[in-house]
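Take a look at the letters that make up each chain.
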Amino acid sequence: MIKQTIAFLGAGSMAEAMISGMVESGNIPAQQIIVTNRQNQDRLNEIQNKYGVRTVLKDDLNYSEVDQFILAMKPKDIDAVLEDLKYKITPNQVLVSVLAGISTSYMEERLNDKQQVIRVMPNTSSMLRESATAICPGQYTQMDNVIVAKELLQSIGKVFVIDEENMDVFTGIAGSGPAYFYYLMENIEETGNAEGMDRETLREIGAQTLLGAAKMMLERDESPTELRENVTSPNGTTAAGLEALHQSGGGEAISDAIKGAASRSKEMSKELEGLLVGSK
Ligand SMILES: NC(=O)C1=CN([C@@H]2O[C@H](COP(=O)(O)OP(=O)(O)OC[C@H]3O[C@@H](n4cnc5c(N)ncnc54)[C@H](OP(=O)(O)O)[C@@H]3O)[C@@H](O)[C@H]2O)C=CC1
Ligand SMILES: O=C(O)[C@@H]1CCC=N1
């Protein structure tokens with residue numbers, strides 16, 4: 001059981017997905033989770049009623065009772081948040097950021113000397129405790145705090161400790177990834193529906209197919225290539241489907257999606273640094 005007190009700064013869709021998974025896991029008492037935002041009291045009431053966590057507007061938060069702050073606002077708000085936190089927290093408290101494109105050094109440079117920070121990248125499947133989450137500690141973060149953060153994140157799915165240089169591509173694969181699969185499903189539904197099947201059944205069929213394939217990859221000792229070849233009978237339906245996919249640039253499209261998201265993640269950090277230089 002996690003003993004630390006956690007405060008979310010931000011109560012949007014990503015925060016909610018994480019809160020839902022954490023509370024559901026039972027690994028941390030709901031009363032040890034505090035959720036804040038700047039002004040939307042209705043949203044805080046909604047979160048409190050749904051999950052039994054404590055909520056408060058961020059200006060009324062008792063910062064000294066918090067062990068780990070989870071930053072869950074939009075990247076554009078990061079400078080204001082760090083400027084504010086600098087005067088409110090001590091080096092033994094930890095900042096855990098889920099913001100896309102914000103590096104540990106970016107945060108460290110704008111906080112007090114040797115502030116402990118951790119950069120993480122979860123996804124919205126946190127809601128069902130099925131996130132693929134990356135974690136990457138800053139240079140001053142103590143190992144015992146990394147362990148607690150990891151335990152907390154394990155309550156919402158699988159955790160991968162990665163080098164920061166891989167955070168952008170991880171974001172392109174796993175942070176944004178659920179959206180690619182939803183897009184795939186939208187197109188599956190569209191096509192099946194045009195052929196006369198009803199959308200509700202199609203959703204179940206498509207999702208079960210996706211789930212089955214995911215489980216095969218996680219639970220069987222075969223590569224995706226071997227698994228694909230096992231489905232593909234010579235001159236059969238799969239061969240025809242894969243050929244059409246190949247002709248339409250399916251593989252390239254997936255690769256471009258990951259590269260596009262990763263490059264946007266890099267660009268977002270550069271944009272913020274540019275903003276800062278411009279503001280001087
Ligand atoms: N959505 C996703 O799939 C994923 C998102 N992320 C990251 O999660 C972050 C949040 O995204 P998302 O949940 O979609 O964003 P939302 O816009 O839904 O939520 C942002 C929240 O931050 C609050 N907020 C803004 N400034 C502050 C502040 N200074 N202190 C406290 N709260 C504040 C806002 O409320 P108010 O205006 O009242 O302050 C709002 O509750 C982003 O940085 C994104 O990169 C990471 C992985 C996946
Ligand atoms: O779209 C975004 O920027 C965020 C980060 C990863 C998923 N959603």
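Residues numbered from 1 in each chain as written. Chains lettered and ligands numbered in written order. Predicted model: local features only at pLDDT ≥ 70, side-chain atom pairs only at ≥ 80, totals over all residues. Heavy atoms only, no water.

This part covers the packing of helix α1 (residues 13-25) against helix α2 (residues 41-51). At their nearest, the axes of α1 and α2 sit 11 Å apart, and the two run at 20° to each other. In terms of axis orientation, α1 runs roughly parallel to α2. Helix-helix and strand crossings are classified by hand; for α1 and α2 the assignment is right-handed. Where α1 approaches α2, its residues Ser 13, Glu 16, Ile 19, Ser 20 and Val 23 are matched on the opposing element by Arg 43, Ile 47, Lys 50 and Tyr 51. Its residues assigned to classes, the contact of α1 with α2 shows four nonpolar, two polar and three charged. (Axes fitted to C-alpha atoms, helices over the stretch in contact; angles between N-to-C directions. Helix = DSSP H or I, 4+ residues; strand = E, 2+ residues; numbered from the N terminus. Parallel < 35°, antiparallel > 145°, perpendicular 65-115°, else oblique. Left-handed = near helix turned anticlockwise from the far one by under 90°. Contact = heavy atoms within 4.5 Å. Nonpolar A, V, L, I, M, F, W, Y, C, P; charged D, E, K, R; others polar.)

The subject of this paragraph is α2. Among the residues of α2, those classed as buried are Arg 43, Leu 44, Ile 47 and Tyr 51. Each buried residue of α2 lies within a common arc of 100° when the element is viewed along its axis, so the set occupies one face. Every exposed residue of α2 that faces more than 90 degrees away from the buried side is listed here: Asp 42 and Asn 49. Packing partners of the buried residues in α2 comprise α1, β2 (33-37) and β3 (54-57). After α2 finishes, the residue Gly 52 shows a positive phi value of roughly 70°. (Buried < 20%, exposed > 50% of the residue type's maximum accessible area, 1.4 Å probe, protein only. Arc of directions from axis to C-beta.)

Domain boundaries assigned for the protein yield domain 1 (6-170) and domain 2 (177-259). Computed from C-alpha coordinates alone, the two centres of domain 1 and domain 2 are separated by 34 Å. (Domains from an automatic or database assignment.)

Lining the immediate environment of ligand 2, one finds Ala 100, Gly 175 and Ser 176. Protein burial of ligand 2: of its 240 Å² of free accessible surface, 46% is covered by the chains. (Near = heavy atom within 4 Å. Areas by Shrake-Rupley, 256 points an atom, 1.4 Å probe, with all protein chains shown as cover.)

This part takes up the UniProt feature "domain: Pyrroline-5-carboxylate reductase catalytic N-terminal" (unreviewed entry) in the protein. In the UniProt entry, the feature "domain: Pyrroline-5-carboxylate reductase catalytic N-terminal" (unreviewed entry) is given for residues 5-101. Along residues 5-101 one finds 34% helix and 22% strand; the C-alpha atoms at either end are 26 Å apart. (UniProt positions renumbered as here; feature names shortened; annotations may be inferred.)

The next thing to look at is the sheet that holds strand β6 (residues 116-121). If you trace the eight strands from one edge of the open sheet to the other, you get β3-β2-β1-β4-β5-β6-β7-β8, paired in mixed fashion. Bordering the open sheet on either side are β3 and β8 (157-161), each of which pairs with just one other strand. Taking the axes of each pair of neighbouring strands and ignoring which way they run, one obtains an average angle of 25° across the sheet. Bridge analysis of strand β7 (residues 131-137) against β8 gives five bridges, and the strand direction is parallel. (Pairing = 2+ DSSP bridges.)

All right, on to the pattern of salt bridges then. Per the stated rule, a full pass over the model turns up 21 salt bridges. For Glu 65, the salt bridge identified is with Arg 54, shortest N-O distance 2.9 Å. With Glu 65 in the loop between β3 and β4 (68-71) and Arg 54 in strand β3, the pair connects residues that are 11 residues apart, well separated along the chain. Where Asp 77 meets Lys 76, a salt bridge forms, and the shortest distance between an N and an O atom there is 3.2 Å. Since its relative accessible area comes to 63%, Lys 76 is described here as exposed. Here the salt bridges do not stand alone but share partners, grouping Glu 16, Arg 43, Glu 46 and Lys 50 into one network. (Salt bridge = Lys/Arg side-chain N within 4 Å of Asp/Glu carboxyl O.)

The two faces of strand β5 (residues 94-97) match: Val 94 and Val 96 on one face and Leu 95 and Ser 97 on the other face are all buried. Where β4 lies against β5, four bridges are found, and the strand directions are parallel. Residue pairing in the sheet places Phe 69 in a bridge with Leu 95 of β5. Handedness of the crossover joining β4 and β5 through helix α3 (residues 78-86) is recorded here as right-handed. Relative to β6, β5 runs parallel, the two sharing four bridges. In the sheet register, Val 96 faces β6, and the bridge partner there is Ile 118. In this fold, the crossover linking β5 to β6 by way of helix α4 (residues 104-109) has right-handed handedness. (Right-handed = clockwise from strand over helix to strand, strands pointing away.)

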